[in-house]
Amino acid sequence: MTTMPIVAAEPALHVDAHAAEGHGAHEDEHDRPGINRMGLWVFMASESCLFIAMAAARFYLAGTTKGDVNLPLGIVLTLILLTSSWLGYQATGAIKLGNRRKAITALLIASLLGVIFIAGVGVEWSTAAFGKDLVPPVSPQATPFGTAFFAMTGLHVFHLITGLVGLLLIANLLRKGQFGPGDHWGVTAIVRYWTFVDVMWLAVVFPVLYLL
Amino acid sequence: MTAAAAGLRPAPRPSVISGFVPILRGLLFAVIGFGIGAVIAMGIRLATGAQAWNPNETSAVGTIPSTEQIVTLGFIFAVPAWLMGVGFWGTTVRQWLGYKTNSVPTDWRRYLTTSEDHKVIGLQYLSTFVVVLLVAGVGAMLMRIQLSQPANQFLSPDVYNRIMSFHGIAMVSVAVAAVMGSFGNYFVPIMIGARDMAYPRLNALSFWLVPVVIVSLFLSELLGGWDSGWTAYPPLSVRNAAGQIMFNLAIIVFGLSSIFGGINFIVTVIKMRAPGMTWGRVPIFVWSVFAAAFLATFFTQFFAASLTMVLLDRVVGTNFFIGQGGAPLLYEHTFWFYSHPAVYIFVLPGFGMALEVLAHMSRKPLFAYRWAVAAFIGIVGMSGIVWAHHMFVSGMPSALLGPFLVTTELISIPTGLIFLSALGTVWMGRLWLTTPMLFALGFTFNFLIGGVTGIFLADVPTDISLHDTYFVVAHFHYTIIGGEIFALFAAFYFWFPKMTGRMLSERLGKLNFWMMFIFFNTTFLPMFWAGLHGMNRRIATYQSDLANVNLFISISALLLGSSFLVFVINVLYSLFSKRAPRASANPWKARTLEWLVSSPPPVENFPSTPIVVGSPYGYGTGGRPHAVFSIAGASDEEVSA
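Definitions and cut-offs
Residues numbered from 1 in each chain as written. Chains lettered and ligands numbered in written order. Predicted model: local features only at pLDDT ≥ 70, side-chain atom pairs only at ≥ 80, totals over all residues. Helix = DSSP H or I, 4+ residues; strand = E, 2+ residues; numbered from the N terminus. Contact = placed C-beta atoms within 7 Å. Core = buried A, V, L, I, M, F, W, Y, C linked by C-beta atoms within 7 Å. Buried ≥ 20, exposed ≤ 12 C-beta atoms within 10 Å, placed from the backbone. Domains from an automatic or database assignment. Expected span 1.5 Å × (residues − 1). Arc of directions from axis to C-beta. pLDDT = per-residue confidence, 0-100. Nonpolar A, V, L, I, M, F, W, Y, C, P; charged D, E, K, R; others polar.

Asks: Account for the environment of Leu164 of chain A, with residues named and values stated.
Replies: All names here are of chain A. In this structure, Leu164 sits in helix α5 (residues 144-175). Counting along the chain gives 51 residues from Leu164 to Leu113, while the straight-line C-alpha distance between them is 9.9 Å. With near-sequence residues (within four places) excluded, Leu164 lies in contact with Ser111 and Gly114.

In structure tokens, the structure reads:
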């Protein structure tokens, strides 16, 4: 095989003919699964900065003051999320083995647990009473801790809703016969994102608001 | 005839109106989406016992204006609706729902919808931001007319503040996205030998979020505009007119666009390089975009967070920045934690483009390539620990002053290395003084002044006097116009033949350069003097003893503005005149990959994946070429031109 160099010479290659027949031929030259995985990781790393910023704001505003939060409810919510993530991984494992029905079921139960979690946060929001002891009393979200509490849990719920939409879309695609043992990136990706949202709860929101 | 050239000369067959269907549909969807969001917001208000909408309310402290809640939720629904209307319904959402996707047209109409070709997206960014640059420049002209004499009545103080705020954020958006979005998208994949970006569809999404930003900034005028500058500090930004929320929402969307773009560049450069394109052979412009992409991906979140906090204070009654326990300094910390690294998002690709042009036009290898790369990485590493030098007079704990002085001065070391590379490249070179080269040399000169005057702003004792004066205005215009925008023009003149297949007039280009260079310096150099003599920033009037210098600055500024008209004429002449010369594949005799394919490049960029065998800057060394091709289907025979 001889290799002749191309020095910047004129006229350069006019390659339209090759381009036309080769359309899409380059798609697989790159490590597409690796590209997909890396992008998701970079996105999650970037998104975690948003949670870090909110956590920093919590300490800046309220120091290490504890708020009057419902810790038992918080623990139950944490367990619900963990179960939901575990089910997500069950779905990934199932589709890798070609078990479509189990994958769909696992994703749907995981989504249901997500909905229950959001309802639990709703209960916490409606019963929070951070400012009631102040004179004059202020609304819960107007206290320094309350500001951080509503902003952080709200941010988390927002991410959870996006994950929920994704889980349902993927479950629907599974129902329509997409994905399989050799092609499960869609399922893997949404489950990984769902777990990321759980990890943000577990590593940032829950300790910073409930445990401190 | 290549497809991109077809985009410049509309083929007669599809009617002109059909090309605008996606955008019109997007606008219609956005209005419907806004309506849905607004109705939901009113429903929530009714459910909580409040009045659905009270148009006559005042923004008194402690009340939550219903208009702002309705607009915010409407906006949140309008953005995805717009995206679906403009083309993502067909290319993406249908796929998510399990239906067959629709493809995007391949003729000129692809420039007006969600095309996934990085070259189309690059040109979409470029044309959008050239327009934004010119519009925001008109804002600057209005401000200079107002400031041409003290106590001028040309603009009211309120209108002045609003124009100043618009000029600021519009130019910041140009600085963030004009280089990365247009030249980054167009040339990074070609320069690393890839067919496209890693995520073409995400790339289209990044671009189509930009019109949302621009339209929202203009729509904010319907809600009273905003007058808090591009920095939008609370408590003012929590208490001013409702137009502020449009600013916050728009810039959060812009941040999202920037983050998606950053992720795309990071993965593209890591994963999509052609065989043989080792890290030591990556062109310096690609390195600079890669470095800036890390800043965009990770720091932009902090800007989004701070804008979200302001928004929450306004629409749900949290107290991040006002009321008892609120802390306005928190905003300054989170804001500058992004916005200082942001200046490196502006200027690193500027450095990269200038070094690229300097090397090709000096006909020499890039001097100290590895040191320049190390400097980019060093700047990225250090950019996160210098932010509080913007806050020396903010009342933050004085224990922080010294450390931030030291880190800020340390970051000038990697910046100096980039200068070393620029000067060493030009030194003893056979300079080819084309228009792009003149702009690159002008960049080097201007940025030196910008950098050296920065030292006085990094030093606490001098900054205490200089803070919020025109010294600061002059400093950052020297770094951003004198630096990045000059580099942007260098890149534009350098790459325009490649993107369009047409040459720009060298004569008009040189006229453009000399007008811009001279009037830029006569505009901004006197501002240092005005600042030292007590002229304040962001104010529609000043003391009368500064009248002469301000009149001089205003006249210079108008002349600087007129230099952009030369640029516009040059571009329009080149695009639409039959006599404008066509560009060959490699008019600059440069070595990097984009010059090895036709002008404009074919849809697939390369006939086959290029194999990189040498340095991109091996001028005069007699060494190996940068890359060779093997034509697909001719396995035994490698072809060269």
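Asks: Which residues make up the nonpolar core, and what values do they have?
Replies: Residues and elements named next belong to chain B. Judged by nonpolar contacts, the single largest core of 254 residues is most densely connected at Ile192, Val286, Ala292, Ala354, Ala440 and Ala490. If you tally residues by element for this core, the top one is helix α10 (residues 284-315), at 24 residues. Residues lining this core come from more than one domain, with at least three contributed by each of domain 1 (22-101) and domain 2 (119-576). Those residues in contact with Ala354, other than ones at most four positions away along the chain, are Ala422, Ala440, Phe443, Thr444, Ala487 and Ala490.

Asks: How would you summarise the environment of Phe247 of chain B if you had to cite specific residues and measurements?
Replies: Residues and elements named next belong to chain B. You can see Phe247 is positioned in helix α9 (residues 243-271). It is 5.8 Å that separates the C-alpha atoms of Phe247 and Leu217, two residues lying 30 residues apart in sequence. For Phe247, the contacting residues outside a window of four places in its chain are Leu217, Ser220, Trp226 and Ala232.

Asks: Pulling in residues and values, what's your account of helix α18 (residues 506-532) of chain B?
Replies: Residue and element names in this part refer to chain B. The terminal C-alpha atoms of α18 lie 39 Å apart, and with 27 residues this matches the ideal 39 Å at 1.5 Å per residue to within 8%. Those residues of α18 not exposed but buried are Gly509, Asn512, Phe513, Met516, Phe517, Phe520, Thr523, Phe524, Met527, Phe528, Ala530 and Gly531. Looking at the buried positions of α18, the neighbouring elements they touch are α15 (435-458), α16 (460-466), α17 (470-500) and α19 (547-576). Backbone geometry just downstream of α18 places Gly534 in the positive-phi region, at approximately 95°.

Asks: Which residues make up helix α12 (residues 369-382) of chain B, and what are the values?
Replies: Residues and elements named next belong to chain B. With 14 residues, α12 extends 20 Å between its outermost C-alpha atoms, agreeing within 8% with the 20 Å of an ideal straight helix rising 1.5 Å per residue. If you check which residues of α12 are buried, you get Tyr369, Ala372, Val373, Ala375, Phe376, Ile379 and Val380. Down the axis, α12 shows its buried residues gathered within 155° of arc, on one side only. If you follow the buried residues of α12, they end up packed against α10, α11 (328-362) and α14 (412-426).

Asks: Quick rundown of the confidence of the model for chain B? Include the residues and the values.
Replies: Residue and element names in this part refer to chain B. For chain B, the average pLDDT comes to 92, and 95% of its residues sit at 70 or higher. The low-confidence segment residues 1-6 (pLDDT under 50) makes 14 contacts with residues lying over four places distant or belonging to another chain. The complex model carries a pTM of 0.92, and its ipTM stands at 0.92.

Asks: Can you tell me about the domain arrangement of chain B, naming the residues and giving the values?
Replies: All names here are of chain B. Split into domains, chain B comes out as domain 1 (22-101) and domain 2 (119-576). Between the C-alpha centres of domain 1 and domain 2 there is a distance of 31 Å. Each partner contributes to the interface: domain 1 provides 15 residues, whereas domain 2 provides 13 residues. Residues of the side of domain 1 that touches domain 2, tallied by class, amount to eight nonpolar, six polar and one charged.

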